[in-house]
Amino acid sequence: MAYQDDIALMAHLMRRAGFGARRDELEARVAKGYDAAVEELLHPETQPATDEYALLRYQPAALLPGGQPPMGNVNWLYHLVNTKRPLEEKMALFWHHVFATGNSKVDNYDQLLEQIQLFREHGMGNYRELLSIVSKNPTMIFWLDNQQNHGTAVNENWGRELLELFSLGAGNYTEVDVRECSRAFTGWTFETKIPRLPYGRFPWKFEYRPEDHDDGEKVFLGHKGHFNGEDILDIIVQQPACGKFICRHLYNFFVADEPQVPAWPIEAPRNPKAIDEMVEVFRDSKFDMRAVLRHMFNADWFKNARFQHVKSPAEVVVGTLRFVGGSEVPRPGYGELSMNTAYMGQDLLNPPSVEGWHTGKEWINSGSLMARINFMAEQIGNTSALGVRGIIDRLRVKGSLSPEQLVDGCLDLLGPVEVSADTKAQLLSQANEWGQISWSNGSSAASDQHVGQMLQLIVATREYQFA
Amino acid sequence: MALTTVARGRVYDWSHAIGRGAATGTGFNYVQTMCLDKNGNAYTTNRGNENNFGMRANHVKIGTAAGEEDLLAEFFQYGEGDGKTTWPFGIAVDSERDRVYCSDEWTSTISVFDTGGKFIAKFGKPGSGDGELSHPAGIAVEKSGNVIVVDAGNNRLQVFSPDGKFAGKCGGPGKAPGEFDQPWGITLDKDGNILVADWGNNRIQKLSPQGRPLMCLGSYGKSSKPEGAYAVTPLGPYVAAEGERAGHPRTDQFNHPTDVAVDSDGDIYVCDWGNHRVCIFDSEGGPITTLVGDSQVMSKWGNMSVSANPDMMKARRRVKSLEPEWRFCFPTAVDFDPASDQIIVADSQRNRLQVYKKVRNYTDFQANL
């Protein structure tokens, strides 16, 4: 039983720090131990990078996809499905939630993919440095109009969102702070890039124009000086609100669903003690994200928070494809496949606004639920797929299964998934109709099919929508 | 930046560019392979994408100077059934027999057209047996009319008669001479020797007409980004203050080469895809120089696009440097036209061809001008 608990805990870690794992991988990770698994996840450089050349051989348009879906989505889906560095990719997804930037305005998946690459490279590094990198990221500059933020005509869009959505949260600054912050970022822009016609896309390059910078004195969050953008970032990260805001984002994304961000000024965290612990590490480590993540994944409140997080569409699609297998190499139709998260309410690289997506139970409505279940059921019902065969092969060694053994076996190997007694009874009701199943006397194909159908029923349960 | 490249006993002049990005008609859309007909005009396969579905083969006039480009034919478009394609890849022309062969790496078939693009026949099917194909890539036609197909997924070459009957094979997966890892382009020299871009093994292999290994050229080497350089894509090329070859590996180090050509002197041209350059060697494999793309004058079709979009011209006039536009970006194919001494490079991500001329009897200028 202790071993089964280890498997369940490892499955929990891999659902949260990655996109789930098959039983073979869980067993291998358990053999090395939980601590080793966490450290490997925190050090993606120990694992090989995804082979981008294979993607470009099959889908060359995924390199510079321009503004039209789905080729940008193809690029990221390929990385998500193939990565050997799941936490690196999960952190890129996390920061994409926080620094939400979208193709609806940028009209350029190339630049959005470049931003995702920044998140891969720096997502587990120092938050203060990441703020600086994002502040100079031309995609963000264009998204929040900072190229229109001039010394003689201030545009507050970047300055406001930096404080409200990227660092402190509403209620922790004044309108004067927004103004002064924005003044400090005047002159932070990008060079004119070579336009898209006739030879395709070229990237922006950050440019600081001192002649367009307002170097006058500013008063920002109680500090006075001739601040430039970097000075503002130094002040921001020292604010107690900053650590609380970022750590609450982490808690919501990795541990358990919180209310939506606009409600944070009026609704307390569901576990204030956990947030306080993370903030302390954030502060003491001088804003080192890896240190905060390490503390979080090793905390009891993380280990005990199983199935308290509604899977995002990205987690649904990527988790399913990685589990089932067969989507590692692009094929015709990969573009359509990559759009499935959008059909479930999460159009990757194109969030609905700078606030990103509303998460938790807001992922679920009658349409998105159907899209999730149909997608998962279609994939998991493919009994010839590698991951599904893995489940079947483990069950068939038992020779024959009672209805209860079939249900328990499928629940175990698909997760383990924990379901209510009522759900279990419904699954058992269906299994009872099939009776005892076996893999002898020519009944193999039918038994395979019953396993596939039971898996389809499980992915359609309420409980399976949680990670 | 140099438009004339002078190397050991060789001179190459950049001539002109052809093309623009277009899902149909006058332009290209991610050229995968290319071949030249007896008049020096190019056939290309275009991979397209799942937004514009610009998959197709086209036949384009090269000419000897800017402005002569012309679309001669377009065929093998996206779709199902005879004459259509899902993932077009290889293309080879047999001008003597009025045949063009095109591979589809998804359906693992070879479609045969006349040189005007009219569908004639199709052969091949998925599999690993004799006459079966897996992800067929480049194609070459022997003097006999036999067709050599780079059977990339099976890591071998297969030979077919002109009507598609299996005639022979060589190779297999591996790293030893005569073995391949997802090979891509192919060419034949004047003696019928076979040169293959061994993509995954980062080398060029030269085989006898019977398939016996004769030479392996190159090893792995990847460009590094010089400090402060402008990355044209996340995977290069890099435009650096130190010069257009800054950060490049040695000439004989490749990053996933996709094609190879041999000129009338026996010099070898390697399309070094992942390093965004063409590497040139003598017939023994001795390094000569590299070409990095020098498209400083816009193509005719490119000019048409810009002229019709005033904002594009306005933006171009504000750009500090157009150098990133000159450079190759994942070039996929290279060919040599012995009649004109032209080297034609398919600059895949830029949806154009860049044309160089190998200059004979070059006389140096007075150095103190």
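These numbers come from a predicted model, not from an experiment.

Quick notes on the nonpolar core
By size, the foremost hydrophobic cluster in this structure holds 151 residues, and its most contacted members are Trp 95, Phe 254 and Phe 297 of chain A. Tallying contributions element by element places helix α14 (residues 240-255) of chain A first for this core, with 10 residues. Aside from chain neighbours lying at most four places away, what touches Trp 95 of chain A is Ala 100, Phe 119, Gly 123, Tyr 127, Leu 130, Ile 246 and Met 289 of chain A. Judged by nonpolar contacts, the second largest core, of 24 residues, contains Ile 148, Val 159, Ile 186 and Leu 235 of chain B.

Examining the pairing of strand β7 (residues 88-94) of chain B
Residues and elements named next belong to chain B. For β7, a buried count of seven out of seven residues is recorded, marking the element as mostly surrounded by other parts of the structure. Here five bridges tie β7 to strand β8 (residues 99-104), and the two strands are oriented antiparallel to one another. The residue of β8 that forms the bridge with Ala 92 is Tyr 101. Connecting β7 to the antiparallel partner β8 that follows it, the hairpin turn spans four residues, and Asp 98 within it adopts a positive phi of roughly 60 degrees.

Quick word on the environment of Tyr 199 of chain A
Note that Tyr 199 of chain A resides in the loop between β1 (188-190) and β2 (206-208). Judged by its relative accessible area of 1%, Tyr 199 of chain A falls in the buried class. Ignoring anything within four residues of it in the chain, the contact list for Tyr 199 of chain A reads Ala 17, Gly 19, Arg 20, Ser 295, Met 298, Ser 299, Glu 325, Gln 349, Arg 350 and Arg 352 of chain B. A polar contact of 3.1 Å, which involves the side chain of Tyr 199 of chain A, links it to the backbone nitrogen of Ser 299 of chain B.

Quick notes on the packing of helix α6 (residues 86-98) of chain A against helix α16 (residues 289-298) of chain A
Two measures define how a pair of helices packs: the angle their axes make with one another and the distance between the axes. All names here are of chain A. Contact geometry for α6 and α16: axes closest at 13 Å, N-to-C directions at 105 degrees. The angle between α6 and α16 places the two elements in the roughly perpendicular class. Contacts between α6 and α16 involve Leu 87, Met 91 and Trp 95 from the former and Met 289, Leu 293 and Phe 297 from the latter.

So, the sheet that holds strand β10 (residues 119-123) of chain B
Residues and elements named next belong to chain B. If you trace the four strands from one edge of the open sheet to the other, you get β7-β8-β9-β10, paired in antiparallel fashion. Each having just a single partner strand, β7 and β10 make up the two edges of the open sheet. Neighbour-to-neighbour, the strand axes of this sheet turn through a mean angle of 20 degrees, independent of strand direction.

Considering a nonpolar patch on the surface
On the surface, a cluster of nonpolar side chains totalling about 480 Å² of accessible area is made up of Val 6, Tyr 362, Phe 365 and Leu 369 of chain B. The residue Phe 365 of chain B is located in the segment after β31 (352-358) in this model.

Let's talk about the packing of helix α21 (residues 366-380) of chain A against helix α25 (residues 444-459) of chain A
Residues and elements named next belong to chain A. Contact pair α21 / α25: the axes reach a minimum separation of 9 Å and the direction vectors enclose 160 degrees. The orientation of α21 relative to α25 falls into the category roughly antiparallel. Judged by the twist between their axes, the crossing of α21 over α25 is right-handed. For the pair formed by α21 and α25, the contact residues are Ile 373, Met 376, Ala 377, Glu 378 and Ile 380 on the first element and Gly 452, Leu 455, Gln 456 and Val 459 on the second. Its residues placed into classes, the contact of α21 with α25 shows six nonpolar, two polar and one charged.

With respect to the domain arrangement of chain A
Assigned domains of chain A: these are domain 1 (126-306) and domain 2 (381-465). Each of domain 1 of chain A and domain 2 of chain A has a C-alpha centre, and these two points are 47 Å apart.

Things to note about helix α22 (residues 386-396) of chain A
All names here are of chain A. Listed in full, the buried residues belonging to α22 are Gly 387, Val 388, Ile 391, Ile 392 and Leu 395. Each buried residue of α22 sits inside an arc of 145 degrees when the element is viewed along its axis, so together they form one side. Where the residues of α22 are buried, they touch α18 (313-324), α21, β5 (400-401), α23 (403-413) and α25.

Some words on the interface of chain A and chain B
Taken together, the contact pairs 38 residues of chain A with 56 residues of chain B. Here chain A packs against chain B, burying approximately 3,900 Å² in sum over the two surfaces, 64% of which is carbon and sulfur. The largest share of the area that chain A buries against chain B comes from Tyr 53, Arg 57 and Tyr 199 of chain A, three residues that together contribute 27% of it. Counting across the chain A and chain B interface gives two salt bridges. A salt bridge links Lys 320 of chain B to Glu 207 of chain A; its shortest N-O distance comes to 2.5 Å. At the boundary of chain A and chain B, one finds 17 residue pairs in polar contact (both at pLDDT 80 or more). Every element with two or more residues in the side of chain A that touches chain B is listed here: α4 (52-58) and α19 (334-338) of chain A.

What to know about the side chain of Glu 191 of chain A
Along the chain, the position of Glu 191 of chain A falls in the loop between β1 and β2. Not counting residues within four places of it along the chain, the set of residues in contact with Glu 191 of chain A comprises Trp 204, Lys 205 and Glu 207 of chain A together with Lys 320 of chain B.

Observations concerning the pattern of salt bridges
For side chains of opposite charge, pairing can occur when their charged atoms come near one another. Residues and elements named next belong to chain A. Scanning the entire structure with this criterion turns up 54 salt bridges over all chains. Across the pair Arg 29 and Glu 40 runs a salt bridge whose closest N-O atoms are separated by 3.4 Å. In this pair, Arg 29 is assigned in helix α2 (residues 23-32) and Glu 40 in helix α3 (residues 34-42), connecting sequence segments 11 residues apart. Linking Lys 273 and Glu 277 is a salt bridge whose minimum nitrogen-to-oxygen distance equals 2.8 Å. Here Lys 273 and its partner Glu 277 are both found in helix α15 (residues 272-284), four residues apart, which amounts to about one turn of the helix. Residue class for Lys 273 comes out exposed when judged on its relative accessible area of 56%.

About the criteria used
Residues numbered from 1 in each chain as written. Chains lettered and ligands numbered in written order. Predicted model: local features only at pLDDT ≥ 70, side-chain atom pairs only at ≥ 80, totals over all residues. Heavy atoms only, no water. Core = buried A, V, L, I, M, F, W, Y, C linked by side-chain atoms within 4.5 Å. Buried < 20%, exposed > 50% of the residue type's maximum accessible area, 1.4 Å probe, protein only. Helix = DSSP H or I, 4+ residues; strand = E, 2+ residues; numbered from the N terminus. Contact = heavy atoms within 4.5 Å. Pairing = 2+ DSSP bridges. Polar contact = N/O pair within 3.5 Å; in protein donor to acceptor, adjacent residues only side chain to side chain. Axes fitted to C-alpha atoms, helices over the stretch in contact; angles between N-to-C directions. Parallel < 35°, antiparallel > 145°, perpendicular 65-115°, else oblique. Patch = residues over 30% accessible without salt bridge, like charges linked within 9 Å, V, L, I, M, F, W, Y side chains within 5 Å. Areas by Shrake-Rupley, 256 points an atom, 1.4 Å probe, with all protein chains shown as cover. Salt bridge = Lys/Arg side-chain N within 4 Å of Asp/Glu carboxyl O. Left-handed = near helix turned anticlockwise from the far one by under 90°. Nonpolar A, V, L, I, M, F, W, Y, C, P; charged D, E, K, R; others polar. Domains from an automatic or database assignment. Arc of directions from axis to C-beta. Buried area = accessible area lost by both parts, 1.4 Å probe.

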